[in-house]
Amino acid sequence: MPWWTDPDSLTPPVTTERLLNALTALFKQDLRQIGPGQWAAAVWHHPVRLSVHDDGALLHVESLYGAAVVTDADPLRAHIQATNAGHWLSSIRLVPTDTGRRILASSWTPLASGAEEEQLRSTLGTVIGSTVGPLNDLAEERGLPAAEPVDDVAAAAAAWEALDAGFARYEAGRARFEAGLARARSEPERPWPDRSAGKEI
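Just so it is clear, the structure is predicted and the values come from calculations on it, not from any experiment. Residue numbering note: each chain is counted from 1, following its sequence as written. Local features are withheld for residues below a pLDDT of 70 in this predicted model, meaning they are given only at 70 or higher, and side-chain atom pairs are given and counted only at 80 or more; totals for whole chains, interfaces and linings count all residues. By convention in this description, side-chain values take in all heavy atoms of the structure and omit both hydrogens and water.

*Asks:* Before we move on, could you go through the sheet that holds strand β6 (residues 100–110) and cite the residues and values that matter?
*Replies:* Taking strand neighbours across the sheet as the criterion, the six strands line up as β1-β2-β3-β4-β6-β5 in an open arrangement whose pairing is antiparallel. Both edges of this open sheet fall to β1 (32–35) and β5 (91–97), since each of them pairs with a single strand only. Averaged over neighbouring strand pairs, the angle between their axes works out to 35 degrees when direction is ignored. Note on pairing: two strands pair once DSSP finds at least 2 bridges between them. Strands are runs of DSSP state E lasting at least 2 residues, helices are runs of H or I lasting at least 4, and numbering of each runs from the N terminus. Sheet analysis places strand β3 (residues 46–53) next to strand β4 (residues 58–64), joined by six bridges and oriented antiparallel. Paired with V52 across the bridge in β4 is L59. Here helix α2 (residues 74–85) sits on the sheet in contact with β5 and β6, set at roughly 145 degrees to β5. Against the sheet, helix α4 (residues 153–186) touches β1, β2 (38–43), β3, β4, β5 and β6, its axis set at about 60 degrees to β5. Every axis corresponds to a line fitted to the C-alpha atoms, with the helix fit spanning only the stretch in contact, and the corresponding angles, defined between N-to-C directions, vary from 0 to 180 degrees. Here, two residues are considered to be in contact whenever any of their heavy atoms come within 4.5 Å of each other.

This is the structure we're talking about:
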């Protein structure tokens, strides 16, 4: 019987407050809230975003490879797939923005069954390391340009704001293109003018 229906359960539930306290101690820095249920941090020179769902029952961790923009994604896809195959806790993907694609690693961790303090700290350390670490592996194997270090929470928060803004502009541009294409398809085909009219043969 799970702890939320078992009054005799000795495993304490994971709440948002417990998660934030454990993450603050793990990172040795204060976190910055950047949205509802979202906090930013800087880990191993990379910006990290922590999204807490259902008051701590589910944790989504994302890490961004600096400000690097990928303009030619095809050569990188095989390397991303190979990196993902070697890291089962997380996955890397390319996120479209208005200036190109960005390299993003993410993982999801269910915590609904509760955890002791040491267990929670150990789990979070493994999850964070397994999300941020593959970015460095990919960079070394692919020879990506070194990412500009992000070492404070203000820079991390700014990196996520820039990513979200770039993605929003990309989506807006795509929506305008699709709307224009739909209008063009819905209009009746116009006859071409007869350019031979009035010409002598």
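*Asks:* Before we move on, could you go through unusual backbone geometry and cite the residues and values that matter?
*Replies:* The phi dihedral of D54 falls on the positive side, at around 55 degrees, and the residue is not glycine. With respect to the element layout, D54 can be found in the loop between β3 and β4. Notably, D55 is not glycine yet its phi reads approximately 55 degrees, a positive angle.

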